[in-house]
Amino acid sequence: MQQLADGLEIDFQSETYKDAYSRINAIVIEGEQEAYENYITLAELLPDHRDDLIRLSKMESRHKKGFEACGRNLNVTPDLQFAQEFFAPLHDNFKVAAAQGNVVTCLLIQSLIIECFAIAAYNIYIPVADAFARKITEGVVKDEYSHLNFGEVWLKANFEASKAELEEANRQNLPIVWKMLNQVAADAEVLAMEKEALVEDFMIQYGEALSNIGFTTRDIMRLSAYGLSA
Ligand code: Y39
Ligand code: FE
Ligand code: FE
Ligand code: FE
């Protein structure tokens, strides 16, 4: 048990908590594994940025090890089968885009959408995490901001040439994120992470990213709400 600032008490050893954690922890472990692979793929697609992207991929594999330790610390076995199914639609779209050399789509999926999803989830998790996981997650979230920044900088520099592909990739992939959020909402709730807070933080990160890349406020409204009611 742990007393939190807002007086909320969470029993990290309850069967209910550990059951929900087996899926959320698996999602994070699988997400970090796929992020590792995605940055290696991006390094092949963007040879001028190879060293940077390989460095990011190594950070992702460290994140994975950190979250595996979080699961072990709570005596939880991650449900990796569930997590692979959870990520499959986004993972498949990334693979198709990579095979076609659509680097803008790959960057939108990994460096914008997935990184913003990770930042939102980790920000909301930190205040309600057990002390061990909190320390790990605080270190990880700093890295995720730098991954998001890589995507922003590249897409800003190539904005005019990327705009149409970004619109299309957003249209295809953002609705998947809202579905993923709905799928995980009940388990997140058990961990004291509110769906509304996750949606709000995601929208803020993603909107800021689109703004940094060069989209207008009007574009951002249209793009970031795409598929929200799905
Ligand atoms: O770039 C990264 O490290 C991202 C792969 C990691 C994904 C994290 C996914 C977090 C979703 C958790 C949902 C919990 C409510
Ligand atoms: Fe894979
Ligand atoms: Fe990561
Ligand atoms: Fe990342």
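Below or above, wherever it landed, is the structure these notes cover. Per chain, the residues get numbers from 1 upward, laid out in the order the sequence is written. In the order they appear in the text, chains get letters beginning with A and ligands get numbers beginning with 1. Per-residue local features of the predicted model are confined to residues with pLDDT of at least 70, and side-chain atom pairs are confined, for both listing and counting, to 80 or more; whole-chain, interface and lining totals are unaffected and use all residues. Processing note: side-chain calculations cover all non-hydrogen atoms of the structure and skip hydrogens and water entirely.

Should a side-chain nitrogen of Lys or Arg be within 4 Å of a carboxyl oxygen of Asp or Glu, the pair is scored as a salt bridge. Following the criterion strictly, the structure yields six salt bridges and no others. Salt-bridge contacts for Asp 19 lead to Arg 23; the nearest nitrogen and oxygen are separated by 2.8 Å. Taken together, the positions of Asp 19 and Arg 23, both in helix α1 (residues 15–45) and four residues apart, correspond to about one turn of that helix. Buried residues are those whose accessible area, probed at 1.4 Å on protein chains only, stays under 20% of the maximum for their type, while exposed residues exceed 50% and partly exposed ones sit between those limits. The class of Asp 19 is partly exposed, set by a relative accessible area of 41%. A salt bridge links Asp 52 to Arg 55; its shortest N-O distance comes to 3.3 Å. Here Arg 55 and Asp 52 lie together in helix α2 (residues 50–73), a separation of three residues that amounts to about one turn. Secondary structure is summarised from DSSP: a helix means a run of H or I of at least four residues, a strand means a run of E of at least two, and numbering begins at the N terminus for each.

To continue, consider the coordination of the iron ion (ligand 3). Donor criterion used throughout: N, O or S atom within 2.8 Å of the metal, extended to 3.2 Å for Na, K and Ca. Water excluded; incomplete-looking sites may result. Distances from the iron ion (ligand 3) to its protein donors, Glu 32 (OE), Glu 32 (OE), Glu 60 (OE), His 63 (ND1) and Glu 144 (OE), fall within 1.9 to 2.7 Å. The sequence pattern describing where the donors of the iron ion (ligand 3) fall on their chain is E-x27-E-x2-H-x80-E. Separating the iron ion (ligand 3) from the iron ion (ligand 4) is a gap of 3.4 Å, bridged by Glu 60, which donates to each. Here the residue His 63 occupies a position in helix α2, and Glu 144 occupies one in helix α5 (residues 131–157), the gap between them amounting to 81 residues. This pair shows no difference in class: His 63 is buried, exactly as Glu 144 is.

Residues belong to one nonpolar core when they are buried, are Ala, Val, Leu, Ile, Met, Phe, Trp, Tyr or Cys, and are joined through side-chain atoms within 4.5 Å. In this structure, Tyr 21, Tyr 125, Phe 202 and Tyr 206 are the most contacted members of the largest nonpolar core, which totals 80 residues. When residues of this core are traced back to their parent elements, those giving at least two are α1, α2, α3 (80–99), α4 (103–125), α5, α6 (159–190), α7 (195–213) and α8 (217–224). Top element by residues in this core is α4. It accounts for 18 residues. Discounting chain neighbours no more than four positions away, the residues touching Tyr 125 are Tyr 17, Tyr 21, Asp 130, Ala 133, Thr 137, Leu 191 and Met 193. Here, residues are in contact when the closest pair of their heavy atoms is within 4.5 Å.

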